Amino acid sequence: MSKRVDVHSHIWEESDIPPQISGYDSSRSLSCDADALIAAMDKNGIDLSIAVALAYEPDLSDAHIRRINDFVLRECNKYPERLIPFCCVNPRSPHAEKIVAEALANGHKGLKFHGAFQNMGVDDPQLWPIYKVLEEAHKPVLFHSGDIGVLPLNDQYTSVNRFDSVFCDFPQMPAILGHAGRIDFSRTAGLLRKHSNVYVDISSVIGRDPNFQTHPLRHLITMVKTWAGAVNRILFGSDMPLYSYEKTLGNLDLLIAELQETPDPVISIDDVVAIRDVNSSAFLNRYQL
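One structure accompanies this document, and this report is about it.

Calculation criteria
- Residues numbered from 1 in each chain as written.
- Predicted model: local features only at pLDDT ≥ 70, side-chain atom pairs only at ≥ 80, totals over all residues.
- Heavy atoms only, no water.
- Pairing = 2+ DSSP bridges.
- Helix = DSSP H or I, 4+ residues; strand = E, 2+ residues; numbered from the N terminus.
- Axes fitted to C-alpha atoms, helices over the stretch in contact; angles between N-to-C directions.
- Core = buried A, V, L, I, M, F, W, Y, C linked by side-chain atoms within 4.5 Å.
- Buried < 20%, exposed > 50% of the residue type's maximum accessible area, 1.4 Å probe, protein only.
- Contact = heavy atoms within 4.5 Å.
- Salt bridge = Lys/Arg side-chain N within 4 Å of Asp/Glu carboxyl O.
- Parallel < 35°, antiparallel > 145°, perpendicular 65-115°, else oblique.
- Left-handed = near helix turned anticlockwise from the far one by under 90°.

## Side note on the sheet that holds strand β1 (residues 5-10)
Item 1. Across the sheet, three strands lie side by side as β1-β2-β3; this open sheet has parallel pairing. The open sheet has two free edges, formed respectively by β1 and β3 (83-86), since each of these has just one partner strand. With direction set aside, neighbouring strand axes in the sheet form an average angle of 25 degrees.
Item 2. Pairing analysis gives four bridges linking β1 to strand β2 (residues 48-52), with the strands arranged parallel. Residue pairing for β2: D6 is matched across the bridge by S49.

## Considering the nonpolar core
Item 1. The biggest cluster of nonpolar side chains holds 86 residues, and the ones touching the most others in it are F143 and F167.
Item 2. The dominant element in this core, judged by the number of residues it contributes, is helix α10 (residues 245-261), at six residues.
Item 3. Not counting the four nearest positions on each side in its chain, F143 is found in contact with K112, F113, V122, Y131, F163, V166, F167, M173, A175, I176, L177 and G178.
Item 4. Judged by nonpolar contacts, the second largest core, of 14 residues, contains V7, L142, I176 and L235.

## Concerning the environment of V150
Item 1. When you line up the elements, V150 lands in the loop between β5 (141-144) and α7 (163-169).
Item 2. The spacing of V150 and A116 is 34 residues in sequence and 9.8 Å in space, taken between C-alpha atoms.

## Here's the deal with the pattern of salt bridges
Item 1. Under the criterion given, the structure shown has 16 salt bridges.
Item 2. For the salt bridge of E13 with R67, the shortest nitrogen-to-oxygen distance reads 2.9 Å. On the criterion of sequence distance, the pair formed by E13 in the loop between β1 and α1 (19-22) and R67 in helix α3 (residues 62-77) is long-range, its members being 54 residues apart.
Item 3. A salt bridge links R187 to D184, with the nearest nitrogen and oxygen atoms 3.3 Å apart.
Item 4. For D184, a relative accessible area of 28% corresponds to the partly exposed category.

## Quick word on the packing of helix α2 (residues 34-44) against α10
Item 1. The contact between α2 and α10 brings their axes to 10 Å, and the two run at 30 degrees. In this view, α2 runs roughly parallel relative to α10, as classed from their interaxial angle. Like other packed secondary-structure pairs, α2 and α10 cross with a definite hand, here right-handed. Residues L37, A40, M41, K43 and N44 of α2 pack against Y245, E246 and L249 of α10.

Just distances and angles here, no functional claims.
Structural data, given as structure tokens:
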């Protein structure tokens, strides 16, 4: 039986919430430790979550990176059957490979890399030794991909155009494009068509206008199904606590309701249900996370 899995959530200490993020939604707290994440998961029927560490500045010291990673690991170890830790790293460090290898040996199951926060393109050669570590360990990397929509962070580092060379050189490294490379879903679909090791998640793929909030998700699914042939590599991800489970699940439920009322020539209700309930669990099983 498949479990409902979130492949994109965050755990962080209060002191490590980036200022760009802390002001993102002043209406609610963005603090998130393991207890807070589990409470939200229980309320919304989420069985497991990948909880990522975030390197939120370009030049965090190795000691700071290790502190962030250790915090995420300790928190996830409170709920080892529910939470899956991913580490972070500063690729500019001469010890970056070692730090990632150590984190994996200590219990982290993958890496989160956020090029916009870290001011580095995902195709920067400094990342190649880190990708090699992940590929050899058969562990995934969760990328921020596409626009971020937060000033003053620069979208150039995570443009979907940058990813093809990464996957050409590391075809066995599992990868998730967080946010599915929004807003350029046609190029995202091309990556899925070409690279079998690439997945995407639906976190924050929600229209800002409530009258059209399902349109981005509908467009993503249409592009991927048309060009890549299937939706099985579109995964459920929330970006908790930045986007609540209620918001992400509500968008899926709304799309299902729209399809019940007006069937779509490309997208089926089963496609949407698989994205919500099946695909992420299959991803965990495939890579033994």
